[in-house]
Amino acid sequence: MNVPKHGRAGDELVAELRARQAGDTDWRHGRVFSLVYHASDAHEQLMHRAHSVYASANLLNPMAFGSLKKLEAEIVAMAGSLMHHPGAVGTVTSGGTESILCAMHAYRERARSGLSAWKHVLGRPEMVVPTTLHPAFDKAAHYFGIKLVKVRVGKDYRADVAAMEKRIGIKTIAVIASAPQYPHGLVDPIEELGAMAKRHGLPMHVDACVGGFSLPWLEKLGRSIPRWDFRVPGVTSISADIHKFGYAAKGASLLLWRSPDDIRHQIFVATDFPGGIYASPTMIGTRPGGPIAAAWTALQSLGDA
Ligand SMILES: Cc1ncc(COP(=O)(O)O)c(C=O)c1O
């Protein structure tokens, strides 16, 4: 196929795109699990409108797009409050996988610096995790030369704290668990794991890609939800997808940190590029504005109540 010699009319192209979708799964009527989170047709239209306002904006340069940087900061602040740490710092990413890649990379860099630098000398750093952890962590481990020490879950399919503690060793640089995990929708015992991580002086990441924007409201509705967020002292970072139960347009997740000390390990800076200093906090370079604007709009338009 070649690019057409002469450009085609926009209306014709959009009609063709719609026609091409005819055979896809009917997600608007609930025919997919987990791939699309559809609040309502009206909300979807609002996402399209908000997205289009910032469709050409690029947060790679926050000085050029100050308003987009402010939207990101407000998303981080809203999520920090929701997860009981209004002082949380963080970044919007393109999805759960990117949040996880950024977290794993930052923990590796953290281990290479400061007090735990000696662990790097020992070779491949390790993270102790339950077997139910999402494969995005395997991908990150593969990319960044980290070994996931996978520990079988208990009879209740939740992380087995005692079994995980036994696997903590000299190369361990972090503990990870989920709220909830994908295979069974169960929240791991985050309080017990957080206490265990703290006892060993280790940071702990909670993967709340699914739970980040659902568990807070289930709790407000009176459901009994085990503690999983920044109220657990050992939790140092959380991944939470706005494009799942935050009902944002696709391409929006969050990586939140308890402390600014930790987020600095996430940021990449190249200083010897002839084009100027290049600094970037996430895996991607160009950071599309549309998903960030839509995510801000989703949280503002749906509201807490
Ligand atoms: C628990 C959990 N973590 C991470 C992810 C990865 O998210 P994404 O597909 O947005 O990269 C998913 C996706 O379903 C998930 O369920």
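Relevant structure appears above.
Just so we're clear, the structure is a prediction, and the values are computed from it rather than from any experiment.

1. Description of the packing of aromatic side chains
Line of reasoning, step 1. Considering all chains together, one arrives at five aromatic pairs under this definition.
Line of reasoning, step 2. Centroid distance Y37 to F245: 4.7 Å. Interplanar angle 80°. Geometry classified as edge-to-face. Taken together, the positions of Y37 in the loop between α1 (10-20) and α2 (41-53) and F245 in the loop between β6 (235-241) and β7 (253-257) put the pair 208 residues apart, joining distant regions of the chain.
Line of reasoning, step 3. Given a relative accessible area of 30%, F245 falls into the partly exposed group.

2. A look at the sheet that holds strand β3 (residues 147-151)
Line of reasoning, step 1. Pairing in this open sheet of seven strands is mixed, and the strands run β1-β7-β6-β5-β4-β2-β3 from one edge to the other. At either margin of the open sheet sits one strand with a lone partner, and together these are β1 (89-93) and β3. Direction aside, the axes of adjacent strands within the sheet are offset by 20° on average.
Line of reasoning, step 2. Seen against the sheet, helix α6 (residues 136-144) touches β3, β4 (172-178) and β5 (204-207) and runs at an angle of roughly 145° to β3.

3. A look at the pairing of β1
Line of reasoning, step 1. Among the five residues in β1, four count as buried, and that is most of the element.
Line of reasoning, step 2. Note: β1 against β7, five bridges, orientation antiparallel. Bridge pairing links G90 to L256 in β7.

4. Side note on the site of the ligand
Line of reasoning, step 1. Near the ligand, the surroundings consist of 13 residues, among which G96, T97, D207, H243 and K244 are the closest.
Line of reasoning, step 2. For the ligand, an oxygen atom lies 2.9 Å from a polar atom in the side chain of H243.
Line of reasoning, step 3. Contact between the ligand and K244: an oxygen atom at 2.9 Å from a side-chain N or O atom of the residue.
Line of reasoning, step 4. In isolation the ligand exposes 390 Å². Once the protein is present, 84% of that is buried.

5. Thoughts on the environment of L302
Line of reasoning, step 1. Its place among the elements puts L302 in helix α11 (residues 289-302).
Line of reasoning, step 2. When the C-alpha positions of L302 and H29 are compared, they lie 20 Å apart, and in sequence the two are 273 residues distant.
Line of reasoning, step 3. If we ignore the near neighbours within four places in the chain, the residues touching L302 are H43, G246 and Y247.

Thresholds, definitions, all that
Residues numbered from 1 in each chain as written. Predicted model: local features only at pLDDT ≥ 70, side-chain atom pairs only at ≥ 80, totals over all residues. Heavy atoms only, no water. Phe/Tyr/Trp six-rings, centres within 6.5 Å; stacked < 30°, edge-to-face > 60°. Helix = DSSP H or I, 4+ residues; strand = E, 2+ residues; numbered from the N terminus. Buried < 20%, exposed > 50% of the residue type's maximum accessible area, 1.4 Å probe, protein only. Pairing = 2+ DSSP bridges. Axes fitted to C-alpha atoms, helices over the stretch in contact; angles between N-to-C directions. Contact = heavy atoms within 4.5 Å. Near = heavy atom within 4 Å. Polar contact = N/O pair within 3.5 Å; in protein donor to acceptor, adjacent residues only side chain to side chain. Areas by Shrake-Rupley, 256 points an atom, 1.4 Å probe, with all protein chains shown as cover.

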